[in-house]
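Working through the structure, step by step
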Amino acid sequence: MTQTHTADERTAHRQLMAEAIAEARLGLAEGGIPIGSVLVRDGRIIGRGHNRRVQRGDPMAHAEIDCLQSAGRQRTYRDTVLYSTLAPCYLCSGAVVQFGIPRVVIGESRTFPGAPDLLAQHGVRVVDLDLPECRDLLAGFIATHPDVWGEDIGA
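This write-up is about the structure you can find in this document. Computed from a predicted structure; not experimentally measured.

A look at the pattern of salt bridges
Within this structure, the stated rule accounts for 9 salt bridges. In this structure, the salt-bridge partner of Arg 52 is Asp 66, at a minimum N-O distance of 2.8 Å. Of this pair, Arg 52 sits in the loop between β2 (44-50) and α2 (53-56) while Asp 66 sits in helix α3 (residues 63-71), placing them 14 residues apart in sequence. The class for Asp 66 is buried, based on a relative accessible area of 5%. Here Arg 135 makes a salt bridge to Asp 130, at a shortest N to O gap of 2.6 Å. Using a relative accessible area of 18% as the deciding quantity, one classes Arg 135 as buried. Here the residues in one salt-bridge network are Glu 19, Glu 23 and Arg 48, joined through shared partners.

Focus: the nonpolar core
Ile 33, Ile 35, Leu 39, Leu 82, Val 96, Ile 101 and Trp 149 are the most contacted members of the largest nonpolar core, which has 28 residues in total. Looking at this core, the elements that each hand over two or more residues are α3, α4 (90-99), β4 (103-106), α6 (132-144) and α7 (146-152). Ile 33 has contacts with Asn 51, Arg 53, Val 54, Leu 138, Phe 141, Val 148, Trp 149 and Asp 152, leaving out every residue within four places of it along the chain. Counting 13 residues, the second largest nonpolar core, distinct from the first, contains Leu 16, Ile 21, Tyr 83 and Val 105.

Quick word on the environment of Gly 150
Note on placement: Gly 150 falls in helix α7. For Gly 150, a relative accessible area of 13% gives the class buried. In sequence terms Gly 150 and Gln 15 are 135 residues apart; their C-alpha atoms lie 30 Å from each other.

Remarks on the packing of α3 against α4
To describe two helices that pack against each other, one gives the angle between their axes and the distance between the axes. Taken N-terminus to C-terminus, the directions of α3 and α4 make an angle of 35°; their axes are 8 Å apart at the nearest point. Residues Glu 64, Ile 65 and Leu 68 of α3 pack against Leu 91, Cys 92, Ala 95 and Phe 99 of α4. Residues belonging to the contact of α3 with α4 are distributed by class as follows: 6 nonpolar, no polar and 1 charged.

Some words on the packing of helix α1 (residues 7-29) against α6
Here α1 crosses α6 at 10°, and the two axes come no closer than 11 Å. Our classification of the angle between α1 and α6 gives roughly parallel. Contacts between α1 and α6 involve Ile 21, Ala 24, Arg 25 and Leu 28 from the first element and Glu 133, Cys 134, Leu 137 and Phe 141 from the second. Looking at the contact of α1 with α6 residue by residue, the classes come out as 6 nonpolar, no polar and 2 charged.

What counts and how
- For every chain, the first residue of its written sequence is number 1, and the numbers climb from 1 along that sequence.
- Local features in a predicted model are, by the rule used here, given only for residues with pLDDT of at least 70; side-chain atom pairs are given and counted only at 80 or more, and totals for whole chains, interfaces and linings are based on all residues.
- Computation of side-chain values covers all heavy atoms of the structure but excludes hydrogens and water.
- Take a side-chain nitrogen of Lys or Arg and a carboxyl oxygen of Asp or Glu: if they are within 4 Å of each other, that pair is a salt bridge.
- Each helix is a run of H or I in the DSSP string that is no shorter than four residues. Each strand is a run of E no shorter than two, and both are numbered from the N terminus.
- Each residue gets one of three labels from its accessible area relative to the maximum for its type: buried under 20%, exposed over 50%, partly exposed in between, using a 1.4 Å probe on protein chains only.
- To qualify as a nonpolar core, a set must consist of buried Ala, Val, Leu, Ile, Met, Phe, Trp, Tyr and Cys residues joined through side-chain atoms within 4.5 Å.
- Residue contacts follow a heavy-atom distance rule, with two residues in contact if any of their heavy atoms lie within 4.5 Å.
- For every element, the axis is a line fit to its C-alpha atoms; helices are fit only across the contacting stretch, and the angle between N-to-C directions ranges from 0 to 180 degrees.
- Residues are grouped as follows: Ala, Val, Leu, Ile, Met, Phe, Trp, Tyr, Cys and Pro are nonpolar; Asp, Glu, Lys and Arg are charged; every other residue, Gly included, is polar.
- By definition in this entry, angles of less than 35 degrees are roughly parallel, angles greater than 145 are roughly antiparallel, angles of 65 to 115 are roughly perpendicular, and the rest are oblique.

Here it is, written out as structure tokens:
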């Protein structure tokens, strides 16, 4: 996974990641898993979502999928960036590849590594911000709901 190189890029990434974190907190407040995502074009958010698997009883309702559904049909995704508080799993990475999203910015990948090889195989650039706030939010949930977390990642 690559890292951003300039202070301006890191600042922009952090501002947009803050929106994904807000989505994660909303999911937690709803009784769900605190993972959030936003889809961005030209610095503007065009879709947002959070993991709603628990709330909807839907195993496919991951944050990135919810975000893409929120964005609705797009003429193209090749000029977008997907932000997610956690490294995307194979399901969500598959959606990134399917729609040709060229860049994914993640809040952290220590808690769950996601599918970096799948993304790399398809030329998707990944930026890992490695933010303690993202790790701490999910760690608190995992500590109190390990069974729900295990379900979400297919453990």
